[in-house]
Amino acid sequence: MKTQVAIIGSGPSGLLLGHLLRAAGIDCVIVERQSADYVLGRIRAGVLETVTTDLMERLGIDAGLKACGLLEEGFNLADGERLIRIEITRLTGKHVVVYGQTEVTRDLMDAAAERGLEVVYEAKDVGLHDLESDLPSLSYVKNGVEHRIHADFIAGCDGFHGPSRRAIPAARVREFEREYPFGWLGILADVPPCHPELIYANGERGFALASMRSATRSRYYIQVPLSETLEDWPEARLWDELAQRFDPISKHGVTRGPALEMSIAPLRSYVFETMRYGRLFLAGDAAHIVPPTGAKGLNLAASDVAYLSDALIAHYRSGDDSALAGYETKALARIWKAERFSWYLTKLMHRFPEDGSFEHRMQRAELDYVASSEAMQRAIAENYVGLPL
Ligand SMILES: Cc1cc2nc3c(=O)[nH]c(=O)nc-3n(C[C@H](O)[C@H](O)[C@H](O)COP(=O)(O)OP(=O)(O)OC[C@H]3O[C@@H](n4cnc5c(N)ncnc54)[C@H](O)[C@@H]3O)c2cc1C
């Protein structure tokens, strides 16, 4: 089989890229290791910047977003029992939209079926070949049969654990990594949120986040040591913990309900500084990871894909390859700024096991400063709503 762009991975970056290329009349195929149900079962991001909502609007796949997305004009940093509201709309003129990654993915999948964007699910043993030639290819096995797709370009949208990044020779790459000494234990439940806007809380008992997916579905996280597992956290224990942290500071207090999902995610900052190798281009989590503090991961995937799709469209429309040549530089400039913000917010809001009383006072002094300085609040708001493309 021959196509113009072969895309590995049907997460947000692969699906968005596929739709943007198809809308421009460029042939592409997406190859995904998991089943569609598995991809939809992953509970992840929930806060969308304008960069992401604009792409969905441009594609005309924004009916769900418009009907169910919650427009947020502010969010809160909690310092003990004090809430510091960051008025993002007043300070930046922009807002964010609370709409789950699951819903974004479902909307993109449904539209793929309607628009003839081909996604091959349950493709095993994906391999990348001849990336430095003019006709690279990828191979995969489906139902025991090996297939090969030749393409002009391959887009590696296969997340942190996919094969694309590893197909680039080590001598060509530079990696930057910070692992954090804790993870986020999350719970999703059909209960009303404890507060109308997100609360990132730094308290004596550690970090916690109160967020939501809708007016009736809540998503909470707490910081846990990496040594702890879900067995250590029966639902009742987690609800007790959340109530201790949020009842004194939230508007309605924590409402309990049966968990729809619970999981523990490790936190990592990571940048892979080669986003192009021959005819392979990386986008999204395949090239970088941010800790979820500040909600940048999905939004960075969207900005990578915005740059990459424009560059591929310029190649096919006018034979102009300057945007393809500049893709990595342009994407990395935005990636590093988002890495900085996620790292800053992670350091400000979590309790690090190695920190002592001095570091805690530093966090408190910084939060005091944020509370009293509109300039600081504006800087945080500007990053939170997403830096311009
Ligand atoms: C707990 C948690 C909370 C988060 N919260 C937020 C948030 O609030 N806001 C935000 O912006 N981001 C958030 N993120 C990050 C966000 O979910 C990711 O950045 C986003 O999913 C990246 O999209 P992607 O398409 O690049 O990668 P992925 O979503 O990882 O998709 C990659 C796809 O490639 C497939 N794949 C992997 N290997 C292969 C293979 N060998 N062959 C074929 N296919 C393969 C995978 O199955 C997957 O479907 C969060 C992440 C986590 C874990």
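Note: the structure precedes this text.
Another aspect to go through is the overall build of the protein chain. Secondary structure assignment for the protein chain yields 11 helices and 19 strands. Dimensions of the protein chain, computed from the C-alpha atoms along their principal axes, are close to 60 × 40 × 40 Å. The buried share among the 389 residues of the protein chain stands at 56%. When the accessible surface of the protein chain is summed, it comes to about 16300 Å², and 50% of that surface belongs to carbon and sulfur atoms. Charge separation in the protein chain, taken as the distance between the mean sites of 43 positive and 54 negative side-chain charges, equals 2 Å.

This part is about the sheet that holds strand β13 (residues 199-203). Read across the open sheet, the eight strands follow the order β6-β5-β13-β14-β15-β12-β16-β19; overall the sheet is mixed. With partners counted over all chains shown, the strands left at the sheet margins are β6 (82-86) and β19 (288-289), one partner each. Pairing geometry for strand β16 (residues 259-272) and β19, over two bridges, is antiparallel. For Y270, the partnering residue across the bridge sits in β19 and is I289. In the packing of helix α10 (residues 357-372) onto the sheet, the strands contacted are β5 (75-79), β6 and β13, and the crossing angle to β6 comes to about 50°. Seen against the sheet, helix α11 (residues 374-385) touches β5, β6 and β13 and runs at an angle of roughly 65° to β6.

Below, the discussion takes up the packing of aromatic side chains. Throughout the structure, instances matching the rule amount to 15 aromatic pairs. Taken together, the ring pairs connect F75, W184, Y200, F207, Y221 and Y384 into an aromatic cluster. If you follow R340 out to its NZ or CZ, it ends over the ring of Y344, 5.8 Å from the centre.

Moving on, we get to the pairing of strand β1 (residues 2-8). The two faces of a sheet get side chains in turn, since along a regular strand they alternate between them. Of all seven residues that make up β1, five are buried, and the element is covered over most of its length. In terms of strand pairing, β1 meets strand β11 (residues 145-156) through six bridges, oriented parallel. Among the inter-strand pairings, T3 is bridged to a residue of β11, identified as A151. In this sheet, strand β2 (residues 28-31) lies alongside β1 in parallel orientation, the contact comprising four bridges. When the sheet's bridge partners are listed, I8 is paired in β2 with V31. Handedness of the crossover joining β1 and β2 through helix α1 (residues 12-23) is recorded here as right-handed.

Unfilled space is identified by rolling a water-sized probe across the atoms. Of the volumes computed, that of the second largest pocket is approximately 360 Å³. In terms of lining residues, the second largest pocket is bounded by 19 residues, among which G80, N202, G203, E204 and R351 are the most central. Elements represented by at least two residues in the lining of the second largest pocket include exactly β13, α7 (235-246) and α10. Ranked by residue count, the leading element in the lining of the second largest pocket is α10, at five residues.

Next up on the list: the environment of A215. Here A215 lies in the loop between β14 (206-214) and β15 (217-225). Dropping the residues within four chain positions of it, A215 is found in contact with L70, P192 and P193.

Glancing now at the nonpolar core. Soluble globular proteins tend to bury their nonpolar side chains together. By size, the foremost hydrophobic cluster in this structure holds 76 residues, and its most contacted members are V5, I7, L21 and L308. Considering every element that reaches this core, the biggest residue donor is helix α8 (residues 297-318), with 10 residues. Aside from chain neighbours lying at most four places away, what touches L21 is V5, I7, I26, C28, S309, L312 and I313. By size, the runner-up hydrophobic cluster in this structure holds 33 residues, among which are Y180, A295, L367 and A381.

Attention shifts here to the site of the ligand. Lining the immediate environment of the ligand, one finds 33 residues, of which E32, R42, Q101, D285 and L298 sit closest. S13 has a polar side-chain atom sitting 2.7 Å from an oxygen atom of the ligand. Coverage of the ligand by the protein chains reaches 89% of its 990 Å² of free accessible surface. Looking at the shell around the ligand, the elements that each hand over two or more residues are α1 and α8. Top contributing element to the shell around the ligand by residue count: α8, with three residues. Class assignment of the residues belonging to the shell around the ligand gives a composition of 14 nonpolar, 12 polar and seven charged.

On to the sheet that holds strand β4 (residues 70-72). Here we have three strands laid out as an open sheet, ordered β3-β7-β4, and antiparallel in their pairing. Looking along the sheet, the strands with just one partner apiece sit at the ends: β3 (47-48) and β4. Bridging between β3 and strand β7 (residues 96-98) involves two bridges; their strand directions are antiparallel. Bridged to V47 within β7 is V98.

Thresholds, definitions, all that
- Residues numbered from 1 in each chain as written.
- Predicted model: local features only at pLDDT ≥ 70, side-chain atom pairs only at ≥ 80, totals over all residues.
- Heavy atoms only, no water.
- Helix = DSSP H or I, 4+ residues; strand = E, 2+ residues; numbered from the N terminus.
- Buried < 20%, exposed > 50% of the residue type's maximum accessible area, 1.4 Å probe, protein only.
- Areas by Shrake-Rupley, 256 points an atom, 1.4 Å probe, with all protein chains shown as cover.
- Lys, Arg positive; Asp, Glu negative; His and termini not counted.
- Charge placed at Lys NZ, Arg CZ, Asp CG, Glu CD.
- Pairing = 2+ DSSP bridges.
- Contact = heavy atoms within 4.5 Å.
- Axes fitted to C-alpha atoms, helices over the stretch in contact; angles between N-to-C directions.
- Phe/Tyr/Trp six-rings, centres within 6.5 Å; stacked < 30°, edge-to-face > 60°.
- Lys NZ or Arg CZ within 6 Å of the ring centre and 35° of its normal.
- Right-handed = clockwise from strand over helix to strand, strands pointing away.
- 1 Å grid on protein atoms, 1.4 Å probe; cavity = no way out; pocket = protein on both sides within 12 Å on 5 of 7 lines; lining within 4 Å.
- Points joined across faces, edges and corners; volume = space filled by probe spheres on them.
- Core = buried A, V, L, I, M, F, W, Y, C linked by side-chain atoms within 4.5 Å.
- Near = heavy atom within 4 Å.
- Polar contact = N/O pair within 3.5 Å; in protein donor to acceptor, adjacent residues only side chain to side chain.
- Nonpolar A, V, L, I, M, F, W, Y, C, P; charged D, E, K, R; others polar.

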